[in-house]
Amino acid sequence: MNKQLVAMDMNITNSVEIDDFSLDYFIGANGWVRILREVGLSIGRGEVLGLVGESGCGKSSLAYNLLGYRAGNSRIPSGRLMVGQTDVGRLDRAALDKVRGRRVALVPQNPTTALSPHLRIRSQLAEVLVEHGYATETTAIEARLKELLFLVGLTDTDRILQSYPYELSGGQQQRIVIAMALSCDPEVLVLDEPTTGLDVTTQGQIVRLLAMLKRRIGLAMLYVTHDLNLLSQIADRVVVMYAGSVVETAPTATLFAAPGHPYTRGLIGSIPNIRQTARGGLRLQGILRRSEIGAGCPFAARCQYRQPLCEARHPESVAIAVKHDVACHFWRDLPAFDPVPERLDARRGAAGKGEVVLEVEHLAISYKRVELLGRWLGRTRQPVVKDVSLRVRRGEIVSLVGESGSGKSTIAKAITGMIDHVAGSVTYGGSVDLGMLRSRPVEVLREIQYVFQNPDESLNPRRTVGAALARPISRFRKGLSAGERQELIVEALREVQLDESYVHRYPGQLSGGERQRVAIARGLVAQPKLLLCDEILSALDVSVQAKVIDVLLDLKKQGEIAMLFISHDLSVVRAISDRVVVLYKGTIMEEGPTDAIYQPPYHPYTHMLLNAVPEPGRVSAEGEPAGEPPRLDPAGCVFANRCLWKKGTVCDSAVPPMRQAGDLRIRCHHDLATLSELATWQNGERQAGAR
Amino acid sequence: MVGKLILTRILYAVLTLLAVSVVVFAAVEILPGDITTRILGRSATPEAVAVLRKQLGYDQPAVMRYANWLGGVLQGDLGTSLSSQRSVNEVIGPRLANTAILALCAFVLSVPLSLLPAAAQALKPGSLLDTIASAINFVLLAIPDYLLASIMLILFVVVIPVLPSTSLVTDASGFWDWVRALILPSVVLAISISIYAIRLLRDGLIDVLSRDYVRMAELKGMPLRVVLWRHAFPNAIGPTLNITALNISYLIGGVIIVERVFSFPGFGSVMVGALQAGDAPLIEATVLIAALIYITANTLADIGSILTNPKLRSAQ
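All figures in this text were calculated on a predicted structure; none of them were measured in a lab.

**Q** Before we go on, may I ask you to explain the overall build of chain B in this structure?
**A** When its secondary structure is counted, chain B shows 13 helices and 0 strands. Buried positions account for 41% of the 316 residues belonging to chain B. Put simply, 73% of the contacts in chain B that link residues at least 6 apart link residues at least 24 apart.

**Q** What is the right way to read the packing of helix 19 (residues 465-476) of chain A against helix 20 (residues 482-495) of chain A from this model?
**A** Any two packed helices are characterised by the angle at which their axes cross and by the distance between the axes. All names here are of chain A. Axis separation between helix 19 and helix 20 bottoms out at 10 Å; the angle between their running directions is 110°. On the basis of the axis angle, helix 19 is roughly perpendicular to helix 20. In the crossing of helix 19 with helix 20, the sense of the turn from one axis to the other is right-handed. Contacts from Val 465, Gly 466, Leu 469, Ala 470 and Ile 473 of helix 19 reach helix 20 at Arg 485, Leu 488, Ile 489 and Leu 493. Looking at the contact of helix 19 with helix 20, its residues break down into 7 nonpolar, 1 polar and 1 charged.

**Q** Is there a simple way to think about the domain arrangement of chain A in this case?
**A** How big an interface is tends to be expressed through the accessible area that disappears when the partners come together. All names here are of chain A. For chain A, the assigned domains read domain 1 (238-343), domain 2 (347-581) and domain 3 (605-616 + 625-691). Here the C-alpha centroids of domain 1 and domain 2 sit 35 Å apart. Contact residues are listed per partner, giving 14 residues for domain 1 and 16 residues for domain 2. Between domain 1 and domain 2, roughly 1,200 Å² of surface is buried when both sides are summed, and carbon and sulfur atoms account for 53% of that area. Among the residues domain 1 hides against domain 2, the three largest losses belong to Pro 272, Ile 274 and Arg 283. Together they make up 41% of the total. In this assembly, domain 1 and domain 2 are joined by 0 salt bridges. If you look at where domain 1 meets domain 2, you find 0 residue pairs in polar contact (both at pLDDT 80 or more). Looking at side-chain class alone, the side of domain 1 that touches domain 2 contains 6 nonpolar, 4 polar and 4 charged residues.

**Q** Even after reading the chapter, I still don't get the sheet that holds strand 16 (residues 383-393) of chain A, so can you show me in this structure?
**A** For sheets, the rule is that strands pair by backbone hydrogen bonds, running either parallel or antiparallel. All names here are of chain A. Ordered by their spatial adjacency, 4 strands build an open sheet running 16-15-18-19, and the pairing between neighbours is antiparallel. Looking at which strands have only one partner, the edges of the open sheet turn out to be strand 16 and strand 19 (432-433). Summarising the sheet, strand 18 (residues 423-428) and strand 19 pair through 2 bridges and their orientation is antiparallel. Counterpart to Tyr 428 in the pairing with strand 19 is Val 432. On the sheet, helix 16 (residues 408-416) packs against strand 15 (356-366), strand 16 and strand 18 and is oriented at approximately 115° with respect to strand 15.

**Q** Please clarify how the sheet that holds strand 22 (residues 562-567) of chain A should be interpreted in this entry.
**A** All names here are of chain A. Strand order across the open sheet formed by 8 strands is 20-21-22-17-23-24-26-25, with mixed pairing between neighbours. Each edge of the open sheet carries a strand with a single partner, namely strand 20 (448-451) and strand 25 (658-661). The average angle at which neighbouring strand axes cross in this sheet is 20°, direction not considered. Pairing of strand 25 with strand 26 (residues 664-667), which is carried by 4 bridges, proceeds in the antiparallel orientation. When the sheet's bridge partners are listed, Met 658 is paired in strand 26 with Arg 667. Sitting on the sheet, helix 21 (residues 512-524) touches strand 20 and strand 21 (530-534), and the angle it makes with strand 20 is about 170°.

**Q** What is the right way to read helix 12 (residues 262-270) of chain A from this model?
**A** Since one α-helical turn is 3.6 residues long, residues separated by three or four positions face the same way. Within helix 12 of chain A, 9 of the 9 residues are buried, which leaves it mostly tucked inside the rest of the structure. Residues of helix 12 of chain A that are buried include every one of Pro 262, Tyr 263, Thr 264, Arg 265, Gly 266, Leu 267, Ile 268, Gly 269 and Ser 270 of chain A, and no others.

**Q** For this particular structure, what's the right way to read the environment of Ile 141 of chain A?
**A** Residue and element names in this part refer to chain A. Assignment of secondary structure puts Ile 141 in helix 6 (residues 138-151). Residue classification places Ile 141 among the buried residues on the basis of a relative accessible area of 10%. Ile 141 sits 352 residues away from Leu 493 along the chain, and the two C-alpha atoms are 59 Å apart. Among all residues touching Ile 141, those that are not within four sequence positions of it are Ala 126, Leu 129, Val 130, Ala 135 and Thr 136.

**Q** Explain the environment of Val 246 of chain A here, please?
**A** All names here are of chain A. Within the element layout of this structure, Val 246 appears in strand 10 (residues 245-251). Judged by its relative accessible area of 15%, Val 246 is buried. Considered as a pair, Val 246 and Tyr 69 are 177 residues apart in the sequence and their alpha carbons are 20 Å apart. Residues within four places of Val 246 in sequence aside, it is in contact with Val 39, Gly 40, Val 239, Val 240, Met 241 and Ala 327.

**Q** Is there a simple way to think about the pairing of strand 8 (residues 220-225) of chain A in this case?
**A** The two faces of the sheet receive side chains in turn, since in a regular strand these alternate between them. Residue and element names in this part refer to chain A. In terms of burial, strand 8 is largely enclosed, as 6 of its 6 residues are buried. Here strand 8 shows two buried faces, one formed by Ala 220, Leu 222 and Val 224 and the other by Met 221, Tyr 223 and Thr 225. Here strand 3 (residues 48-52) runs beside strand 8; their pairing, made up of 5 bridges, is parallel. The partner of Val 48 across the bridge, within strand 8, is Met 221. Sheet analysis places strand 7 (residues 188-192) next to strand 8, joined by 5 bridges and oriented parallel.

**Q** What is the right way to look at the packing of helix 6 of chain A against helix 8 (residues 170-182) of chain A in this model?
**A** Residues and elements named next belong to chain A. Running from amino to carboxyl end, helix 6 crosses helix 8 at an angle of 125°, the nearest separation of the two axes being 9 Å. Relative to helix 8, helix 6 is oriented oblique. For the pair helix 6 and helix 8, the sense of crossing is right-handed. Mapping the contact onto sequence places Arg 144, Leu 148, Leu 149 and Leu 151 in helix 6 and Ile 176, Ala 179 and Leu 182 in helix 8. Of the residues in the contact of helix 6 with helix 8, the class split is 6 nonpolar, no polar and 1 charged.

**Q** Hey, could you run me through the pattern of salt bridges in this one?
**A** Pairing is possible between side chains of opposite charge, provided their charged atoms come close. Here the structure, examined in full by the defined rule, presents 39 salt bridges over all chains. Between Arg 494 of chain A and Glu 500 of chain A there is a salt bridge; the shortest N-O distance is 3.1 Å. A relative accessible area of 51% means that Arg 494 of chain A is categorised as exposed. The closest approach of N and O atoms between Lys 556 of chain A and Asp 578 of chain A, which form a salt bridge, is 2.8 Å. Separated by 22 residues along the polypeptide, Lys 556 of chain A in helix 22 (residues 542-557) and Asp 578 of chain A in the loop between helix 23 (570-576) and strand 23 (579-584) bring together distant segments of the chain. As far as burial versus exposure is concerned, Lys 556 of chain A and Asp 578 of chain A are alike and both buried. Here the salt bridges do not stand alone but share partners, grouping Arg 93, Asp 97 and Arg 100 of chain A together with Glu 218 of chain B into one network.

**Q** Would you mind showing me how to read the interface of chain A and chain B here?
**A** Every contact between the two is made by 27 residues of chain A and, on the other side, 23 residues of chain B. Interface of chain A and chain B: buried area, both sides summed, is about 2,300 Å²; carbon and sulfur atoms make up 55% of it. When the buried area of chain A at its contact with chain B is split by residue, His 118, Glu 127 and Glu 131 of chain A rank highest and sum to 24% of it. Between chain A and chain B we count 5 salt bridges in total. Across the salt bridge formed by Arg 230 of chain B and Glu 127 of chain A, the nearest N and O atoms sit 2.3 Å from each other. Counting every contact that joins chain A to chain B gives 13 residue pairs in polar contact (both at pLDDT 80 or more). Among the secondary structure elements, those contributing two or more residues to the side of chain A that touches chain B are helix 3 (93-99), helix 4 (111-114), helix 5 (121-131) and helix 8 of chain A. Among the elements that make up the side of chain A that touches chain B, the one with the highest residue count is helix 5 of chain A (4 residues).

**Q** Sorry if this is basic, but what is going on with the confidence of the model for chain B here?
**A** A low pLDDT means the predicted coordinates there should not be read in detail. Residues and elements named next belong to chain B. Of the residues in chain B, 90% have a pLDDT of 70 or more, and the chain-wide mean is 81. At the low end of the mean pLDDT range in chain B sits helix 13 (residues 310-314), at 60; at the high end sits helix 9 (residues 212-219), at 91. Quick note on the complex model: pTM equals 0.80, ipTM equals 0.79.

Cut-off values and rules
- Residues numbered from 1 in each chain as written.
- Chains lettered and ligands numbered in written order.
- Predicted model: local features only at pLDDT ≥ 70, side-chain atom pairs only at ≥ 80, totals over all residues.
- Heavy atoms only, no water.
- Helix = DSSP H or I, 4+ residues; strand = E, 2+ residues; numbered from the N terminus.
- Buried < 20%, exposed > 50% of the residue type's maximum accessible area, 1.4 Å probe, protein only.
- Contact = heavy atoms within 4.5 Å.
- Axes fitted to C-alpha atoms, helices over the stretch in contact; angles between N-to-C directions.
- Parallel < 35°, antiparallel > 145°, perpendicular 65-115°, else oblique.
- Left-handed = near helix turned anticlockwise from the far one by under 90°.
- Nonpolar A, V, L, I, M, F, W, Y, C, P; charged D, E, K, R; others polar.
- Domains from an automatic or database assignment.
- Buried area = accessible area lost by both parts, 1.4 Å probe.
- Salt bridge = Lys/Arg side-chain N within 4 Å of Asp/Glu carboxyl O.
- Polar contact = N/O pair within 3.5 Å; in protein donor to acceptor, adjacent residues only side chain to side chain.
- Pairing = 2+ DSSP bridges.
- pLDDT = per-residue confidence, 0-100.

Written as structure tokens, this is what we have:
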């Protein structure tokens with residue numbers, strides 16, 4: 001309440017005022033293409049404005065324009081980008097150098113690539129202060145650096161300032177970048193997907209940090225993200241963009257409780273919900289294609305409430321309530337937003353009861369070889385995966401979840417034979433002992449297929465989709481006629497809901513989601529019995545994600561394929577898997593049927609992960625304290641130094657036992673009853689929007 | 001870790017040098033023509049030949065002679081020139097110094113000559129400036145050194161007679177004589193080094209300039225000079241550093257031709273003279289020195305790139 005009143009009072013002196021702003025790009029054959037269309041928004045002092053939309057909607061273009069940064073082949077046909085009294089759209093480079101970092105600062109998407117690799121943290125931070133004349137004397141600079149690091153929750157200042165970026169974790173690097181942005185007390189902070197690519201627990205810490213900074217410093221923030229749920233944790237108001245136009249602006253709670261625009265409704269409905277609910281029939285259809293957009297409403301082609309007028313005329317933004325604007329001709333006629341949820345796990349269907357396709361027993365993997373000298377000194381190889389056992393049955397999807405560095409991909413690589421294991425066994429089809437890749441018979445190579453995380457890198461850009469799919473056929477299904485091969489290719493494409501017209505296209509002509517589906521089709525065309533999916537959804541928009549999930553669930557229902565699904569996204573995992581394996585530092589923490597994983601008792605680590613998932617209507621609970629966790633005693637539980645439910649010294653001195661209840665296994669010193677009592681994350685339905 | 005890497009590099013360099021010495025010695029050994037007949041002439045008596053052979057040590061097996069020679073080299077004694085009967089050290093020493101001065105001048109000139117065009121081109125790839133600069137670059141790339149040298153000679157000696165036609169310097173030459181003598185050869189050498197470096201640096205810089213951290217530096221308000229030289233350049237220099245090493249080796253070859261065109265009394269002319277005279281000790285010494293320079297330059301470049309990589313530098 002208070003916040004809104006403040007924001008209203010500030011209307012006269014908004015920190016950011018974007019007015020009727022349009023942006024064109026010159027794209028070869030098409031001439032000038034409109035990327036942003038008459039965008040208007042404002043951010044008051046101390047306000048966090050969320051900017052959300054799917055990839056390609058122009059949200060990043062808008063954000064970077066606020067820093068006066070745009071590609072050489074662009075022009076501003078209309079509008080103003082006011083920061084205070086300055087129009088940053090009209091400044092030259094010399095003037096921009098005085099605005100950027102000083103008055104408008106950026107927190108970029110990927111901290112690991114945003115810091116100069118060859119410069120120490122100290123010089124990268126100090127140069128901002130020096131170049132902007134904020135602090136010039138060595139002692140003043142040093143004092144300011146320490147102050148900044150404390151502000152972003154980094155206490156080990158001397159070591160960190162002396163470090164190179166690669167010596168810090170992703171979360172620490174993002175804190176450094178935030179400190180860098182705050183260093184000259186800017187008026188406006190532009191955040192471009194600041195937590196995408198970070199672990200969910202780290203994301204929680206960064207969002208809590210930003211919320212704290214908002215309270216303490218009160219600067220205006222533009223928070224750009226594709227993750228609507230994340231905005232529920234931090235934004236005061238949200239602007240929804242579609243194809244370069246603002247379609248809806250609303251206070252965050254209103255947006256979740258009563259979204260006005262059909263696109264917003266579809267966006268909310270498409271997000272895989274960790275509580276397994278979705279709003280019936282509201283998922284987004286189709287994908288954003290700029291070429292399909294005519295003179296009318298940009299969303300018309302995908303809108304289920306489309307009328308002739310929508311394609312003819314661009315809708316004006318109208319205020320449908322206080323501070324709630326919607327750009328839709330028929331906002332009055334839309335059915336009331338239906339909060340009745342549909343259970344998504346119904347779509348998942350029953351777990352397959354087929355035979356065991358893959359059996360991993362006591363698997364241990366280590367990367368580095370110990371050198372001779374080390375061996376004399378009694379050093380052994382540090383395992384990255386320890387004693388992992390799991391089974392995948394035919395018609396079953398088993399998920400491996402955990403933060404980065406938990407060993408998920410390493411296990412998958414060992415199963416495919418790309419890396420060797422030091423102990424344990426990987427058995428396929430009940431009897432075949434899987435060794436390294438080159439020792440495997442062709443038949444086994446065909447039956448185990450791998451889909452990589454990033455289709456941009458796993459598909460050869462110079463080969464058509466047809467050629468990419470023909471390769472596994474000519475390798476594994478020798479002696480087929482050209483016609484039969486073509487048939488197989490088309491069939492595989494249909495399975496991922498792409499038609500034959502895709503055969504002659506190049507990866508560059510496809511959207512990210514289409515590319516990922518081609519990558520899946522390439523896995524399927526070999527007719528595998530085991531499909532390994534390594535984070536295949538993480539780079540995709542929610543509407544595309546939903547589509548790929550459908551593809552995977554359809555495959556599963558056919559009952560022929562066993563899938564090992566690797567993901568860090570607990571919501572997606574819940575939507576599709578029959579069993580879940582929770583990994584931490586290469587060790588299984590918890591394992592069991594999906595429903596048992598998402599209700600008490602939880603392993604403390606599973607609980608921490610669940611709590612870190614942002615949800616509308618739930619303020620992210622107390623998470624891990626910021627900063628480096630204390631040192632880990634190798635004799636004890638691998639999670640002991642981060643555990644919020646630590647039992648006592650026993651956690652440091654002894655490896656916890658595996659406790660079993662039915663099909664659920666939890667590795668913890670606490671007994672299951674205690675774990676149930678400690679749990680605060682409840683599996684109930686939650687009313688969206690209720691703060 | 002770094003120390004170990006560097007030591008390994010140095011060890012490799014020494015081994016390579018040793019291998020080169022074997023090859024050089026063997027190559028000179030199988031050169032056509034007997035050394036003694038070449039010195040004494042065809043009409044020499046067999047006795048005289050035998051005496052001379054003994055005197056030069058040619059009565060011993062090749063392996064022994066190699067060992068003796070290598071022993072001498074390791075102690076800094078490169079032998080005696082057959083044609084002038086002076087110590088090889090004496091013959092090569094001052095000439096090597098002359099060439100070192102020339103190479104240094106060329107190298108110093110080549111730094112701005114490669115950095116500035118590369119930076120200007122990389123900042124606006126595809127622009128008119130970039131296109132013209134690239135075209136000039138390709139033309140220069142296609143012109144051999146001696147032709148470039150000859151063109152320069154014609155241009156600055158014949159058409160606009162401001163410089164001397166030969167770059168003959170002696171002990172008696174004064175400072176300005178040196179300057180006038182060095183201008184043309186060092187400019188020609190500098191140009192032929194720079195054209196390779198420009199291309200590599202331009203492409204390296206374009207790649208680095210598109211990186212997130214360079215954009216970040218720009219978006220935190222760093223002026224162009226800081227973005228370019230502090231954030232982008234150090235990351236683009238890596239591959240160029242290795243090329244610079246190759247360039248230094250290239251200088252050795254280029255120097256021979258350029259010294260010849262401008263009649264500069266340097267190391268290159270000694271080398272050519274030794275080959276023409278079939279002066280075995282002198283050939284061996286010059287080739288070995290050339291190899292030493294080549295290998296040292298490459299090893300230094302390797303060590304340089306080890307040291308400029310912070311991941312290697314500070315790993316434990």
